Amino acid sequence: LHITCSQEAIHQVSTTRCETQTIDSTKLHENHSELEQIIYQNVEEGTLPSLAVRINSKEKGDFLLSKGIADLQLQVSLDVCHQFRVASLTKMLVATATLQLVEEGQLRLDHQVSDFLEAEIYADIDSAATASIASLLNHTSGIANYDRNPNFPLSILDEPGKALTIEARLDL
């Protein structure tokens, strides 16, 4: 299946068999109706071809909704099982959330990966044990960047939609 932001740019995306995802009606997000209205309005007005949103908040409740078309050419509807390749788009979100935690005093930039993860998780990744939060954020940790490996994009093109473990990405 494909996901598209315009008819000219089509990006492959896969779906997986997934359990029907439901939200406990007693835990609905406090702004559920407003969020739903915003999503429907933007998709129906054509501002966006599709949108999938999931919010899990202990304080405000949960929200899950997909609306629109996953493939404009084939007119395949978007559903909550579609997977998106987000790549570097998450860098800003992770950095913002991390710096908010630093600001709140819940995290320090000099904390190391080994302060949070079990050794077996990062044991085979060079420089991971001593990498600080700051060095991860500014890309100076010394941890290999697997997507710069010329074999990585080729493996994605050879088998689009195939899920690769971190170990498989590093082994390419």
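Asker: Explain the environment of T98 to me, please; I cannot follow it from the model alone.
Answerer: Along the polypeptide, T98 turns up in helix α2 (residues 90–103). Through-space distance from the C-alpha of T98 to that of L137 is 8.8 Å; in sequence the pair is 39 residues apart. Those residues in contact with T98 that lie beyond four places of it in its chain are L107, I133 and L137.

Asker: What is the right way to look at the confidence of the model for the chain in this model?
Answerer: Predicted coordinates in regions of low pLDDT should not be interpreted in detail. With 79% of its residues at a pLDDT of 70 or more, the chain shows a mean pLDDT of 78. Mean pLDDT in the chain bottoms out at strand β1 (residues 2–4), which sits at 34, and peaks at helix α4 (residues 133–137), which reaches 94. Per-residue pLDDT stays below 50 along residues 1–17; that stretch engages in 40 contacts with residues further than four places along the chain or on separate chains.

Asker: Is there a simple way to think about the sheet that holds strand β5 (residues 76–77) in this case?
Answerer: The strands that make up a sheet are held in pairs by hydrogen bonds between backbone atoms, and each pair lies either parallel or antiparallel. What the three strands build is an open sheet, ordered β3-β4-β5; its pairing is antiparallel. Each edge of the sheet is formed by a strand with only one pairing partner; in this case those strands are β3 (50–57) and β5. Taken together, the two bridges between strand β4 (residues 61–71) and β5 define a ladder with antiparallel strand orientation. Bridge pairing in β5 places I69 opposite S77. Running over the sheet, helix α1 (residues 32–44) touches β3 and β4 and is turned about 10 degrees from β4.

Parameters at a glance
Residues numbered from 1 in each chain as written. Predicted model: local features only at pLDDT ≥ 70, side-chain atom pairs only at ≥ 80, totals over all residues. Heavy atoms only, no water. Helix = DSSP H or I, 4+ residues; strand = E, 2+ residues; numbered from the N terminus. Contact = heavy atoms within 4.5 Å. pLDDT = per-residue confidence, 0-100. Pairing = 2+ DSSP bridges. Axes fitted to C-alpha atoms, helices over the stretch in contact; angles between N-to-C directions.

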